Amino acid sequence: MSEGQSSTAKRVEQRDAIVIRFAGDSGDGMQLTGVQFTSESARAGNDLATLPDFPAEIRAPAGTLAGVSAFQLNFSTNQVFTPGDDLDVLVAMNPAALKTNLDDLRPGGILLVDREAFNDGNLRKAGYARNPLEDGSLDRWQLFPVEITKLTTTALKQFGLSARETFRCRNFFCLGIASWLFHRPLEVSEEYVRGKFKKNQTLVEANLRALHAGWNFAENAELLKISYEVAAAKIEPGLYRNITGNSALALGFVAAAHRAGRPLFLGSYPITPASDILHELSGMKQFDVTTMQAEDEIGGVGAALGAAFGGALAITTTSGPGMDLKAETVGLAVSVELPLVIADIQRSGPSTGMPTKTEQADLLMAMYGRHGEAPVPILAPSTPSDCFEVGYEALRIAAKYMTPVIILSDAFLANGAEPWLVPDPEKLPAVHVDFRTDPEGFQPYMRDEETLARPWVRPGTPGLEHRIGGLSKESGTGNVSYSPANNEQMTRIRQRKVAGITREIGPTAIFGPATGDLLVLGWGSTFGPIRQAVTDLQREGRSVSHAHLRWLNPLPADLGDVLRRFRHVVVPEMNLGQLVKMIRAEYLVDAIGFSKIQGRPFKVAEIRSRCVRLLDGQDRPEERHEVHA
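Below, the structure is looked at part by part. Computed from a prediction, not measured in an experiment: that's the story for all the values here.

About the cut-offs
Residues numbered from 1 in each chain as written. Predicted model: local features only at pLDDT ≥ 70, side-chain atom pairs only at ≥ 80, totals over all residues. Heavy atoms only, no water. Helix = DSSP H or I, 4+ residues; strand = E, 2+ residues; numbered from the N terminus. Rg over C-alpha atoms; globule rule 2.2 N^0.38 Å. Buried < 20%, exposed > 50% of the residue type's maximum accessible area, 1.4 Å probe, protein only. Contact = heavy atoms within 4.5 Å. Lys, Arg positive; Asp, Glu negative; His and termini not counted. Charge placed at Lys NZ, Arg CZ, Asp CG, Glu CD. Salt bridge = Lys/Arg side-chain N within 4 Å of Asp/Glu carboxyl O. Phe/Tyr/Trp six-rings, centres within 6.5 Å; stacked < 30°, edge-to-face > 60°. Lys NZ or Arg CZ within 6 Å of the ring centre and 35° of its normal. Pairing = 2+ DSSP bridges. Axes fitted to C-alpha atoms, helices over the stretch in contact; angles between N-to-C directions. Core = buried A, V, L, I, M, F, W, Y, C linked by side-chain atoms within 4.5 Å. Expected span 1.5 Å × (residues − 1). Polar contact = N/O pair within 3.5 Å; in protein donor to acceptor, adjacent residues only side chain to side chain. Patch = residues over 30% accessible without salt bridge, like charges linked within 9 Å, V, L, I, M, F, W, Y side chains within 5 Å. Areas by Shrake-Rupley, 256 points an atom, 1.4 Å probe, with all protein chains shown as cover. Parallel < 35°, antiparallel > 145°, perpendicular 65-115°, else oblique. Left-handed = near helix turned anticlockwise from the far one by under 90°. Nonpolar A, V, L, I, M, F, W, Y, C, P; charged D, E, K, R; others polar.

1. Thoughts on the overall build of the chain
And then number 1: Summing up its helical and strand segments, the chain has 21 helices and 22 strands in all.
And then number 2: The C-alpha atoms of the chain give 27 Å as radius of gyration, which agrees with the globular expectation for 629 residues (25 Å, within 12%).
And then number 3: Over its C-alpha atoms, taken along the principal directions, the chain stretches across nearly 85 × 60 × 45 Å.
And then number 4: For the chain, with 629 residues in total, the buried portion stands at 58%.
And then number 5: A sequence separation of at least 24 residues applies to 77% of the contacts in the chain between residues at least 6 apart.
And then number 6: One way to put it: in the chain the 65 positive side-chain charges average out to a point 1 Å from where the 74 negative ones average out.

2. Things to note about the pattern of salt bridges
And then number 1: In the structure shown here, the tally under the stated rule is 28 salt bridges.
And then number 2: The salt bridge involving K497 is made with E337; its shortest N-O contact spans 2.8 Å. Here K497 is found in helix α16 (residues 484-499), whereas its partner E337 is found in the loop between α12 (321-336) and β13 (340-346), with 160 residues between them in sequence. Take K497 and E337: they sit in the same class, and that class is buried.

3. Remarks on the packing of aromatic side chains
And then number 1: Considering all chains together, one arrives at 11 aromatic pairs under this definition.
And then number 2: Taking 6.1 Å as the distance between ring centres and 45° as the angle between the ring planes, the aromatic pair formed by F173 and F217 counts as tilted. With a gap of 44 residues between them, F173 in helix α6 (residues 170-181) and F217 in helix α8 (residues 201-220) connect regions that are remote in the sequence.
And then number 3: Residue class for F173 comes out buried when judged on its relative accessible area of 1%.
And then number 4: Joined through ring pairs, the aromatic side chains of F22, F37, F75, F182 and Y228 make up one cluster.
And then number 5: Directly above the ring of F167 sits R170, whose terminal nitrogen or CZ lies 3.9 Å from the centroid.
And then number 6: A cation over an aromatic ring shows up here: R458 above the ring of F435, its NZ or CZ 4.1 Å from the ring centre.

4. Re the sheet that holds strand β18 (residues 516-523)
And then number 1: The mixed open sheet is built from 5 strands, whose spatial order is β17-β19-β18-β21-β22. The strands lining the two open edges of the sheet, one partner per strand, are β17 (510-511) and β22 (592-595).
And then number 2: Note: strand β21 (residues 566-573) against β22, 4 bridges, orientation parallel. The partner of V570 across the bridge, within β22, is I592.
And then number 3: Packed onto the sheet, helix α17 (residues 527-539) meets β17, β18, β19 (544-549) and β21 and runs at close to 165° relative to β19.
And then number 4: Contacting β18, β19, β21 and β22, helix α19 (residues 578-587) runs over the sheet at an angle of about 145° to β21.

5. Focus on the nonpolar core
And then number 1: L264, L281, L521 and L579 are the most contacted members of the largest nonpolar core, which has 97 residues in total.
And then number 2: Of all the elements, helix α14 (residues 386-401) adds the most residues to this core, at 10 residues.
And then number 3: Filtering out sequence-adjacent residues up to four positions away, L281 remains in contact with A250, V254, L264, L266, V289, T291 and I315.

6. Overview of helix α11 (residues 297-309)
And then number 1: Helix length check: α11 (13 residues) gives 19 Å between terminal C-alpha atoms against 18 Å at 1.5 Å per residue, within 8%.
And then number 2: Along α11, the residues that are buried comprise E297, G299, G300, V301, A304, L305, A307 and A308.
And then number 3: In this structure, the buried side of α11 is in contact with β10 (264-268), β12 (313-318), α12 and β13.
And then number 4: Measuring from the backbone nitrogen of I298 back to the side-chain oxygen at the start of α11 gives 3.2 Å, which picks out D296 as the cap.

7. Things to note about the environment of G463
And then number 1: Inspection of the secondary structure assignment puts G463 in the loop between β16 (417-421) and α16.
And then number 2: For G463, a relative accessible area of 47% puts it in the partly exposed group.
And then number 3: Counting along the chain gives 163 residues from G463 to G300, while the straight-line C-alpha distance between them is 31 Å.

8. Comments concerning a nonpolar patch on the surface
And then number 1: Side chains of L471, V480 and Y482 sit close together on the surface and give an oily, nonpolar patch of about 330 Å² of accessible area.
And then number 2: Among the structural elements, V480 can be located in the loop between β16 and α16.

9. Brief notes about the packing of helix α1 (residues 30-43) against helix α7 (residues 187-196)
And then number 1: Direction vectors running N to C along α1 and α7 enclose 130°, while the axes themselves pass 8 Å from each other. Judged by the angle between their axes, α1 and α7 are oblique. For the pair α1 and α7, the sense of crossing is right-handed. Residues L32, Q36, S39, E40 and R43 of α1 form the contact with α7, whose own contacting residues are V188, S189, E191 and Y192.
And then number 2: Classifying every residue of the contact of α1 with α7 gives 3 nonpolar, 3 polar and 3 charged.

10. Considerations on the sheet that holds strand β5 (residues 87-92)
And then number 1: Strand order across the open sheet formed by 6 strands is β3-β4-β2-β5-β6-β7, with mixed pairing between neighbours. One side of each edge strand has no neighbouring strand; the edge strands of this open sheet are β3 (47-53) and β7 (142-146). Across the sheet, the mean angle from the axis of one strand to that of its neighbour is 15°, orientation sign disregarded.
And then number 2: By the bridge criterion, 9 bridges tie strand β2 (residues 17-25) to strand β4 (residues 68-76) in an arrangement that is antiparallel. Counted as the bridge partner of F22 is F71 from β4.
And then number 3: Its contacts with the sheet put α6 on β2, β5, β6 (105-114) and β7, and the angle it makes with β6 is roughly 140°.

11. Side note on the side chain of S348
And then number 1: Mapping S348 onto the fold places it in the loop between β13 and α13 (363-368).
And then number 2: At 3.2 Å, the side chain of S348 forms a polar contact with the side chain of E359.
And then number 3: Ignoring anything within four residues of it in the chain, the contact list for S348 reads G353, M354, P355, K357, T358 and E359.

12. Describing the packing of helix α9 (residues 245-260) against α14
And then number 1: Running from N to C, α9 and α14 cross one another at 35°; their axes reach a closest spacing of 7 Å. Taken as a pair, α9 and α14 cross one another with a handedness that is right-handed. From α9, G245, A248, L249, L251, G252, F253, A255, A256 and R259 reach across to α14, where they touch C387, F388, G391, Y392 and L395.
And then number 2: Across the contact of α9 with α14, the residue classes tally to 10 nonpolar, 3 polar and 1 charged.

Here it is as C-alpha cells:
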C-alpha cells in the first residue's frame, strides 16, 4: 500500500467536524505543525478556522507552563465560524503542554502525548507530583502515549544529524500521525519541506522521512485502531487561498493603492501582533510599495504622515502602547486633514500586558484618545478574510474624505486563518485620488460640497504653495487664526465631515428576524462565536438575531431604529463594555454588556449561555445593569 492511503484493515468513522490542538514547548515547532495541518485540510476541501496561541514570554525556560505554544484548528464539512470550543484531539509534546491545555479536551477525546517527554525533570517543571500517564488521572480520555522522540531518532539515524537537529524533526513525525488519523493529503507538506529546506538536501530528506515515519507508525501500530474522515465542505466556486488577518490587511492596502494608481507607503515600528503586516509589505516592492522601519512608533507615524503630504497613500501599523505614542501625530493628521490609515492590531493590555493575547480594549481610545476635538473614522474587520475589505475601504475613505482612519483589528484576527475567496479586482470599488493642480480660485481649506474634504495638493505644485501645520487654521485660506468663532467653525466642519461618512454605510444587516426578543450586537472578532451561537439558538426556535458593526465611527444611520425593535440587546465584547457604553449614550437603549478579558476569544457556549439566561429571565439582576460578566 502506498503512503498517504490508509489501510482498509482499520475502522474508518465519518465526522462532520474536528477540533484539534497541537501544543508543546516554544521550540517544538507546534505553530509550523498546525499551519501545515491547516494547509492539508484546506487542500482536502474543508472549511476551517484557526487559533494560534503564542507564549507571551520570548525565551521562557523550556518545559515550563509559560513556554507552551499551541495551534488550534477547527475543520469541517459544514460552514465554520470559529476555531472551536472544546477539543476533539489534543497533541501534547510535554507535561507543561498537557497541563495547560487538558481542561479544553472534551471527555472521550483523543490525547496523543510524547511518552519520553514525561520524565522527572519535565514533570517537576510543570508542577506534577505524579506522572499523569501512570496515575489514572487521564482515564476520561483516549490516551495514546507514543515514543515520538525515540521513533523519530530511529527513523533519522542514517542522516548523521546532530541530536538537536533530530529533535527538531519530531513535529513532522506528529504531523504524519495526525495526517493519517484524519486522511489528510501529505503532498502539501511534502511540497513545503522541499521548498523550506531546499538549500540543505539532508534536512529535506530527514523531515520527509520523519513525516512518513509518523504516518507509517499510525498505519501499522496496534495502538491506533480508528481513523476519521471529514468530507469536503460545499463552498462557493472560485479561487481560494488560506489567509491570515494580517496578510489580508496587507493585501487590501496594496489593492487599494494599485486601484488608485498611487504608491503605498508604510511607516512602522515592529510590535506584536502587528509586525507581520510590515513583513508582508516589505516583500511587495514590485507593487510600488515602500516600507520604512522607523526608530520608534512616533517616527513611524510621522514618516507616514509625511508620505501622505507628498502624495502617497500612507499607512502605519501598531498595537497596544504604540497607539498611545502615535496619538499626537494622529491629532496633527486630523488638523492638517491628510489621508492616513492607522492599523491597530489590538492586544491584551494595559502597558505590555499579554502581548501575544487578544483583546478589544482600544475602542474608546480610538474614539477619544487624542487631545482636543479630533474625530476619526473607525472600522473593524470581523474575520481574517474581512481584513482585506476593511484595509481597502479604509484607504478609499481616507483619500476621499482627506482624513486619518483607524482600523481596529486584534491578535485573534491577525494570526487566525481561514479560506479566502480571492476577489475579482475589476469588481473592487474605485479609489479616487484627485490632486489639485489648478491655481485658479485655490484655497488650501476650501471644501468639497458633499464630502467637506479639502483639496489634496502635492508639494511643489506651481501656484498652490500653502502653509501647513498644527496651529489653528482659518477656514478657506488656512492662515494661522486664533479667532474663537473660526476655531469652533473648523472644529464643527471636521466633525460634520466624519459624520457625513454615514452616506457610505449601507443598512444594518440583521441575521435573523428584524424584530424579536433578543438582538446580539457585536463588532470585530466576536463575529464568529456570536454567529454560531445565534445560529444554534435559532435552530432551537429561539427569537434571537445578530447584527455586527463594521463601522464604529460613524455608526450606521439606522442603528437606533434597529436596536429599538428588540426587547433585549446584548453586546459581547473582549473589554469591560466599551461599545455598550457608546450604544447607551448614543441611543438611550438599555443595552446589556457581556465582557471577557482573558486574552482569549469568546467560546460559542459562553455567548449561547448568556443569551439563554436573558431569554428565560434567569439572568441575575446585577448582570442586567453591569457591563461585565
